[in-house]
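# Structural overview for review
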Amino acid sequence: MTIKNVSVIGGGTMGNGIAHIFALSGYKVTLIETKQEFADKALTTITKNLNRMVAKEKITEEAKEGGLANISTSLDIRDGVSGADLVIEAVPEDLGIKTSVWKAVDEAAPSHAVLGSNTSSISITKLAALTSRPQQFIGMHFFNPVPVMRLVEIVRGLETTDEVYTAIEETAKALKKVPVPVNDMPGFVSNRVLMPMINEAIFAVYEGVATPDHVDQVMKLGMAHPMGPLRLADFIGLDVCLDILNVLHEGFKDPKYRPCPLLVKMVDAGKLGNKTGEGFYSY
Ligand code: 3HC
């Protein structure tokens, strides 16, 4: 199974990072967005992040130019996946959106294509069942910022074949990432462990135990986390955190995953963290 052409659906925070690392590693990338302005914004972000890597002498100017030359964009999902060996979907964590995306991909992607989702918590088996080829479906879960974080959680659905698993494991290594296999359960491993910690940090603020800054100081200085949990929640997006907690809560039917009412209220108010300029901190 040879993977050369990669279609990335969605150019948001995760999608542009995924396109960035594939292109820099020599893959031909088609970045698929719904509007030209979103595609342009993704390319601007990738260019900015590549420039940052050049400035830090992590890559050369030629490598940056080569990476950028490997990326093309498409506003038509069917067209954009028609030559793909691997499709990676990085659209919002909304089952309705993911359903329409995967139906379209299934109709248009070549029969040999591996289908990968960067979902942070939706069942891979459920997404695979939206297609006519669940054996070729797999979770390829990257971490933000994608060019920096070394982990790729590789999630096997019920029917994922060994051949597809091995191809994706090799691909992750070719991207200089460390693949870690996990089975398909709500939140996989990463978010099953991370989100209850973030939720508990929010409860600590909600119950007046400490301010956001003090909660974060405790975790940074006492536990050597690079960011405190509330700064990290803002960075991930409070809406994304809430979506993932809801998936855990509904998936396990266990009250220990109940989202903190303060988190729900902040999302209702549109305070989603870095991307809206306000969350637990102002940006
Ligand atoms: N592209 C390329 N390089 C980047 C980058 C980007 N988007 N963002 C940061 N960097 C590089 C910087 O150039 C810098 O490189 P250097 O070490 O060679 O100087 C390095 O990363 C560190 O960046 P900064 O010096 O600007 O800032 P920090 O030292 O504060 O680090 C951070 C920033 C890497 C984001 C660090 O705070 C961190 O690791 N935070 C935790 C991130 C985390 O936990 N991510 C996972 C979120 S969960 C997730 O994504 C899963 C989903 O399902 C929810």
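Residues numbered from 1 in each chain as written. Predicted model: local features only at pLDDT ≥ 70, side-chain atom pairs only at ≥ 80, totals over all residues. Heavy atoms only, no water.

### Things to note about the site of the ligand
Note the threshold: Residues are labelled near a given molecule or strand when at least one of their non-hydrogen atoms is within 4 Å of it. Under the rule applied, a polar contact is a pair of N or O atoms within 3.5 Å (in protein, one hydrogen donor and one hydrogen acceptor; residues adjacent in sequence only if both atoms are side-chain atoms). Accessible areas in this description were obtained via Shrake-Rupley with a 1.4 Å probe; residue shielding takes into account the shown protein chains only. Only DSSP runs of H or I reaching four residues or more are called helices, and only runs of E reaching two or more are called strands; each is numbered from the N terminus. The residue classification treats Ala, Val, Leu, Ile, Met, Phe, Trp, Tyr, Cys and Pro as nonpolar and Asp, Glu, Lys and Arg as charged. All others, Gly included, are polar.
Near the ligand, the surroundings consist of 18 residues, among which Lys56, Lys58, Ser120, His141 and Asn144 are the closest. In the model, a nitrogen atom of the ligand is placed 3.4 Å from a nitrogen or oxygen of the Asn49 side chain. Lys56 is positioned with one of its side-chain polar atoms (N or O) 2.7 Å from an oxygen atom of the ligand. Coverage of the ligand by the protein chains reaches 69% of its 1000 Å² of free accessible surface. Elements supplying a minimum of two residues to the shell around the ligand: α2 (36-55), α8 (190-206) and α10 (229-236). Split into classes, the residues belonging to the shell around the ligand amount to 10 nonpolar, five polar and three charged.

### With respect to the sheet that holds strand β2 (residues 28-32)
Definition in use: Here, any two strands with at least 2 DSSP bridges between them count as paired. Note on geometry: axes are lines fitted to C-alpha atoms, helical ones only across the stretch in contact, with angles between N-to-C directions running from 0 to 180 degrees. We call two residues in contact when some of their heavy atoms are within 4.5 Å.
Here we have eight strands laid out as an open sheet, ordered β3-β2-β1-β4-β5-β6-β7-β8, and mixed in their pairing. Single-partner strands in this sheet number two, and they are β3 (71-74) and β8 (178-183). Pairwise comparison of adjacent strand axes, ignoring direction, gives a mean angle of 25 degrees for this sheet. In this sheet, β8 lies alongside strand β7 (residues 151-156) in parallel orientation, the contact comprising six bridges. Paired with Glu153 across the strands is Val180, a residue of β8. Here α2 sits on the sheet and contacts β2 and β3; the angle it forms with β3, its principal contact strand, is near 160 degrees.

### With respect to helix α12 (residues 261-268)
Using the following cut-off: Using a 1.4 Å probe on the protein chains alone, a residue whose accessible area is under 20% of its type maximum counts as buried, one over 50% counts as exposed, and one in between counts as partly exposed. The arc under discussion is defined with respect to the helix axis, by the directions toward the C-beta atoms.
Those residues of α12 lying buried are Leu262, Leu263 and Met266. Buried residues of α12 fall within an arc of 100 degrees about the axis and therefore sit on the same side. Turned more than 90 degrees away from the buried face of α12, the exposed residues are Lys265 and Asp268. Packing partners of the buried residues in α12 comprise α8 and α11 (238-252). Positive phi appears at Gly270, one or two residues downstream of α12, with a value of about 80 degrees.

### A look at the domain arrangement of the protein chain
Going by this rule: Domain limits in this description derive from either an automatic procedure or a database domain assignment. As used here, buried area is the combined drop in accessible area, with a 1.4 Å probe, of two parts when they are placed together.
Domain boundaries assigned for the protein chain yield domain 1 (5-183) and domain 2 (191-274). The straight-line distance from the C-alpha centre of domain 1 to that of domain 2 is 26 Å. The interface is formed by six residues belonging to domain 1 together with five residues belonging to domain 2. Counting each side, the surface lost to burial between domain 1 and domain 2 is near 520 Å², with a carbon and sulfur contribution of 56%.

### Side note on the pairing of β7
What counts here: When the strands point away from the viewer and the path from the first strand over the helix to the second turns clockwise, the crossover is right-handed.
Here strand β6 (residues 137-141) pairs with β7 via four bridges, running antiparallel. Each residue of the ladder has a partner; that of Met140, found in β7, is Ile154. For the crossover that starts at β7, traverses helix α7 (residues 162-174) and ends in the parallel β8, the hand is right-handed.

### Comments concerning a positive patch on the surface
Counted only if it meets this: Patches here: salt-bridge-free residues with over 30% relative accessible area, like charges joined within 9 Å, nonpolar side chains (Val, Leu, Ile, Met, Phe, Trp, Tyr) joined within 5 Å. Salt bridges are defined as contacts in which a side-chain nitrogen from Lys or Arg sits within 4 Å of a carboxyl oxygen from Asp or Glu. All tallies of charge rest on Lys and Arg as positive and Asp and Glu as negative; His and the ends of each chain are not included. Charge placement uses NZ in Lys and CZ in Arg. For Asp and Glu, CG and CD serve respectively.
A cluster of basic side chains, namely Lys48, Arg52, Lys56 and Lys58, defines a positive patch on the protein surface. Within the element layout of this structure, Lys58 appears in the loop between α2 and α3 (61-69).

### Here's the deal with the packing of aromatic side chains
The test is simple: Only rings of Phe, Tyr and Trp enter the pairing, Trp through its six-membered ring, and a pair is recorded when the two centres are within 6.5 Å. The plane angle decides the type: under 30 degrees is stacked, over 60 is edge-to-face, the rest tilted. Two thresholds decide whether a charge sits over a ring: the Lys NZ or Arg CZ must be within 6 Å of the ring centre and within 35 degrees of the ring normal.
Going through the model one piece at a time under the given rule, you end up with four aromatic pairs. With a centroid separation of 5.1 Å and 80 degrees between ring planes, the pair formed by Phe22 and Tyr27 is classed as edge-to-face. Overall, Phe22 belongs to the buried group, its relative accessible area being 0%. Given the relative accessible area of 10%, Tyr27 is considered buried. The residue whose ring lies beneath Arg231 is Tyr281, and the NZ or CZ to ring-centre distance is 3.8 Å.

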